[in-house]
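So you can see what is in the structure, the chains are spelled out below.
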Amino acid sequence: MDVSGMNAALRRLCDKYGVPMSGQLAADTGAAGVRLERAEGPVPMLPWRVERRFVEIKKSIDAGTLEDVSTLRFAVMRGGARLEHLLYREFDLCEWMAGSSIRKAFAAVSGGKVANVIVTFANGMSASVECSAALPEGAAEIDRHEIIARRGVACDRLVDSQVPQSSIYIFTAEGSKTFTDTDAELFGFSDAEIWAVRAAFAVLKERTLAEAWRGADRRLAEMVGKTLAQAEQREPAIFSEGE
């Protein structure tokens, strides 16, 4: 990630919208790849929570457009990733979208690279989470997030699509290229960089987010660690509401 360029973009956003830039992004070894350094301490980034496709699904759940959600079906495949980082993101998306804490997770793990997890929530919902860190290095990430309700289904991918779609495809004698403009204010950055900048901007703009995300980070780290540890024993991981 181009952290220097991301901080320059973050400053432009802060100047444009009159938000004090009381922190800067720094490289991190966690799931997001960056953290926000502030005087009162670092803030872990949860950039998927500001990603447009997830925000729109969350709105459809909270507004009741999807009636009586019962099941979440999530899958992500990425090369050069750590399995625990993939689980960290998917577990957070699960709790955030379900609006409920995870109470039990039973995982089957293969080779430290692939995991299938069955999740149950305190509110009675359930989820299946498939994670794979076994794609070839440099391969584009493939993911899909589907919400199933008594009335209605929502998904962040096109119907029957197997891989993420791009906005523009160019086919030439030298090969093919694809282009997708994700954010009109952040041209030239990758999707991961865009959502990291947007996440940092959200924390700077909304004071309560910093502590909320710190708490979520602690809980997620504990849940992921316990889930993988229990998988070795072929037993479910059970969590209390405070974990």
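For the structure itself, look to the data block above.
So, a few notes on the structure that sits alongside this text. Keep in mind the model is a prediction, meaning the values are calculated, not measured. (Residues numbered from 1 in each chain as written. Predicted model: local features only at pLDDT ≥ 70, side-chain atom pairs only at ≥ 80, totals over all residues. Heavy atoms only, no water.)

Moving on to the environment of Val117. Within the element layout of this structure, Val117 appears in strand β6 (residues 114-121). With a relative accessible area of 2%, Val117 lands in the buried category. Between the C-alpha atoms of Val117 and Cys14, which are 103 residues apart in sequence, the distance is 40 Å. Contact partners of Val117, with chain neighbours within four places excluded, come to Leu87, Phe91, Ala105, Phe106, Ala107, Ala127, Ser128 and Val129. (Helix = DSSP H or I, 4+ residues; strand = E, 2+ residues; numbered from the N terminus. Buried < 20%, exposed > 50% of the residue type's maximum accessible area, 1.4 Å probe, protein only. Contact = heavy atoms within 4.5 Å.)

Over its 15 residues, helix α1 (residues 3-17) extends 21 Å from the first C-alpha to the last, a length consistent with the 21 Å expected when each residue adds 1.5 Å. Among the residues of α1, those classed as buried are Val3, Gly5, Met6, Asn7, Ala9, Leu10, Leu13 and Cys14. Each element contacted by the buried residues of α1 is listed here: β1 (24-27), β2 (34-37) and α4 (191-205). A positive phi of about 70° marks Gly18, the residue just after α1. (Expected span 1.5 Å × (residues − 1).)

With that out of the way, let us pick up a nonpolar patch on the surface. On the surface, Ile168, Ile170 and Phe179 cluster together into a nonpolar patch covering about 250 Å² of accessible area. Summarising the element assignment, Phe179 is placed in strand β11 (residues 175-179). We classify Phe179 as partly exposed; its relative accessible area is 39%. (Patch = residues over 30% accessible without salt bridge, like charges linked within 9 Å, V, L, I, M, F, W, Y side chains within 5 Å. Areas by Shrake-Rupley, 256 points an atom, 1.4 Å probe, with all protein chains shown as cover. Salt bridge = Lys/Arg side-chain N within 4 Å of Asp/Glu carboxyl O.)

Counting 71 residues, the largest nonpolar core has Met45, Leu72, Phe91, Met97 and Ile147 as the members making the most contacts within it. When residues in this core are grouped by element, the largest group, 10 residues, is from helix α3 (residues 83-98). In contact with Leu72, other than residues within four places in its own chain, are Cys94, Met97, Phe121, Met125, Ser126, Ala127, Ser128, Glu146 and Ile147. (Core = buried A, V, L, I, M, F, W, Y, C linked by side-chain atoms within 4.5 Å.)

With that settled, the discussion passes to unusual backbone geometry. Outside of glycine, negative phi angles account for most residues, and trans bonds account for most peptide bonds. One non-glycine residue, Asp68, lies in the positive phi region at around 55°. When you line up the elements, Asp68 lands in strand β4 (residues 67-79). Overall, Asp68 belongs to the exposed group, its relative accessible area being 51%. One non-glycine residue, Arg234, adopts positive backbone phi at about 60°. Secondary-structure assignment places Arg234 in the loop between α5 (209-232) and β12 (237-238). For Arg234, a relative accessible area of 72% translates into the label exposed.

Let us look at the packing of aromatic side chains. Summed over the entire model, instances satisfying the criterion amount to 3 aromatic pairs. Judged by centre distance (6.1 Å) and plane angle (80°), the rings of Trp48 and Tyr88 are edge-to-face. Of this pair, Trp48 sits in the loop between β3 (43-44) and α2 (52-62) while Tyr88 sits in helix α3, and the two are 40 residues apart along the sequence. Centroid distance Tyr169 to Phe171: 6.4 Å. Interplanar angle 5°. Geometry classified as stacked. (Phe/Tyr/Trp six-rings, centres within 6.5 Å; stacked < 30°, edge-to-face > 60°.)

A separate point is the environment of Val114. Tracing the chain through its elements places Val114 in strand β6. Since its relative accessible area comes to 29%, Val114 is described here as partly exposed. In contact with Val114, not counting residues within four places along its chain, are Leu83, Ala108, Val109, Cys131, Ser132 and Ala134.

Glancing now at the packing of α1 against α4. Following both chains from N to C, one finds α1 and α4 inclined at 45°, their axes separated by 10 Å at the closest point. Here α1 lies oblique to α4, going by the angle between them. Between α1 and α4 lies a crossing whose hand is right-handed. Across the interface between the two elements, Met6, Leu10, Leu13, Cys14 and Tyr17 from α1 touch Glu193, Ala196, Val197, Arg198, Ala200, Phe201 and Leu204 from α4. (Axes fitted to C-alpha atoms, helices over the stretch in contact; angles between N-to-C directions. Parallel < 35°, antiparallel > 145°, perpendicular 65-115°, else oblique. Left-handed = near helix turned anticlockwise from the far one by under 90°.)

Don't take any of this as a statement about function, it's just geometry.
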